[in-house]
Amino acid sequence: MAPDSLAQEKVLNLYSARHYQTDEQLYSNFTRQTGIRINRIEADDNALFERLKTEGRSSPADVILMVDAARLWRAESAGLFQPVQSKVLAARIPANLQGGDEGKGAQWFGFSTRARIIVYNKMSVNPADVPTYESLADPKNKGRVCTRSGSHPYMLSLIGAMVQRNGEPATEKWAQGMVANFARPPRGGDTDQIKSVAAGECGVTLANSYYYARMLRSTKADDREAMSRVGFIWPNQQSSGTHINVSGGAVARHAPHREAALMFLEYLASDQAQAYFADGNNEWPAVAGVMVKNPAIESMGKFKPENVPISAIGRNQVAAQKILDRVGYK
């Protein structure tokens, strides 16, 4: 896209649910390259969702960044995005990391990925007892499991992937087993789960990989002590692969600066921007072959990811929540 076509579009209005200081470099570099100034509004996904619905056709939003397939699917279903046709994005972003496409282009694109890993206490849990997501529901792990709320999007997306792979009956049986194995009621975020395992409050948990990598990189004595007590597993390596999720972006339904918005999304798929995601927030680039210089991520090694379309995970959110409600997984 020629920069001179943007002569009248030197502003981009960005609504972002990403709250990572390292993204500042990502945005400032885009402005240096294009001369397009970014006006940014940051809020959590729910707040952005409600704001966009309230603003309707008068919304100034050009680009929307959200975290997690569940949230992207919700916004897509609400008609907050518009389809995008881009040879750059189609070529660089894998098809399974794109939103719905009814022939007019994808509704959104994943620009970074994170994995849902199993974290265990080295002193109390044999990793051979928890090699898969399904194994966490095995009666032998009774009283060992802790998680955040089942209704949190990170958990809903994992369960949505399980529905896609295993079907609803098997996933509901798994959820029942998880509830039976709880060491304590679900609460807190992913970092809290890792610390609970380190402290021995529970033996095993689920966490997004970037939380684990962030604690590995921490210089705080308490974090270093906690990480010395825990190990992690890439789940389901002998079967379906480890569940992955995305941080993604879309052009807003009523974007006043559509060309600038498309240029920004294509920039996010560039090697340079992809490296920012990995090095800044301990995520993996969505684009294959991008070099990552992040010792924490590198130390975690390689793994087999699942191949469930992210859009399918989104579509299964309603079924996932109904399963949780039926089994009492709060």
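Above this note sits the structure.
A. Examining the overall build of the protein chain more closely. For the protein chain, the helix and strand inventory stands at 14 helices and ten strands. The C-alpha radius of gyration computed for the protein chain amounts to 20 Å, which stays within 12% of the reference 20 Å derived for 330 residues, consistent with globular compactness. Dimensions along the principal axes, computed over C-alpha positions, put the protein chain at roughly 65 × 40 × 35 Å. Within the protein chain, buried positions represent 57% of all 330 residues. Across the protein chain, every contact between residues at least 6 apart in sequence was considered, and the portion connecting residues at least 24 apart equals 78%. Averaging the locations of the 39 positively and 33 negatively charged side chains of the protein chain gives two centres separated by 2 Å.

B. Up close: the pattern of salt bridges. Under the definition given, this model contains 19 salt bridges. Residue Glu55 pairs with Arg51 through a salt bridge whose shortest N-O separation is 2.9 Å. Pair noted here: Glu55 and Arg51 are both in helix α2 (residues 45-55), with a separation of four residues, about one helical turn. The class for Arg51 is partly exposed, based on a relative accessible area of 37%. A salt bridge links Glu306 to Arg165, with the nearest nitrogen and oxygen atoms 3.4 Å apart.

C. Seen up close, the nonpolar core. By size, the foremost hydrophobic cluster in this structure holds 80 residues, and its most contacted members are Leu12, Phe81, Leu89, Ile93, Phe111, Phe264 and Leu268. Considering each element in turn, this core owes the most residues, eight residues, to helix α10 (residues 258-268). With residues near it in sequence (within four places) discarded, Phe264 still touches Leu12, Leu14, Tyr27, Phe30, Ile38 and Val63. Grouped together as the second largest cluster of nonpolar side chains are 26 residues, Val125, Leu156, Ile159 and Trp174 included.

D. Seen up close, the pairing of strand β3 (residues 63-67). Where burial is concerned, most of β3 is hidden: five out of the five residues are buried. Neither face of β3 is left uncovered, since the one carrying Val63, Leu65 and Val67 and the one carrying Ile64 and Met66 both have all their residues buried. Relative to β3, strand β1 (residues 11-16) is paired through three bridges, and the arrangement is parallel. From the neighbouring strand, Ser16 faces β3, where its bridge partner is Leu65. Summarising the sheet, β3 and strand β9 (residues 244-252) pair through five bridges and their orientation is antiparallel. Among the inter-strand pairings, Val67 is bridged to a residue of β9, identified as Ser247.

E. Examining unusual backbone geometry more closely. One non-glycine residue, Asp68, adopts positive backbone phi at about 95°. With respect to the helices and strands, Asp68 occurs in the loop between β3 and α3 (69-77).

F. Here's a closer look at the packing of helix α8 (residues 209-217) against helix α9 (residues 221-228). For the pair α8 and α9, interaxial distance at closest approach is 8 Å and the crossing angle is 120°. With respect to their mutual orientation, α8 and α9 come out oblique. Once α8 is placed against α9, the crossing between them reads as left-handed. Residues Tyr212, Met215 and Leu216 of α8 lie in contact with α9, whose contacting residues are Asp223, Ala226 and Met227. Here the contact of α8 with α9 is composed, by residue class, of five nonpolar, no polar and one charged.

Calculation rules
- Residues numbered from 1 in each chain as written.
- Predicted model: local features only at pLDDT ≥ 70, side-chain atom pairs only at ≥ 80, totals over all residues.
- Heavy atoms only, no water.
- Helix = DSSP H or I, 4+ residues; strand = E, 2+ residues; numbered from the N terminus.
- Rg over C-alpha atoms; globule rule 2.2 N^0.38 Å.
- Buried < 20%, exposed > 50% of the residue type's maximum accessible area, 1.4 Å probe, protein only.
- Contact = heavy atoms within 4.5 Å.
- Lys, Arg positive; Asp, Glu negative; His and termini not counted.
- Charge placed at Lys NZ, Arg CZ, Asp CG, Glu CD.
- Salt bridge = Lys/Arg side-chain N within 4 Å of Asp/Glu carboxyl O.
- Core = buried A, V, L, I, M, F, W, Y, C linked by side-chain atoms within 4.5 Å.
- Pairing = 2+ DSSP bridges.
- Axes fitted to C-alpha atoms, helices over the stretch in contact; angles between N-to-C directions.
- Parallel < 35°, antiparallel > 145°, perpendicular 65-115°, else oblique.
- Left-handed = near helix turned anticlockwise from the far one by under 90°.
- Nonpolar A, V, L, I, M, F, W, Y, C, P; charged D, E, K, R; others polar.

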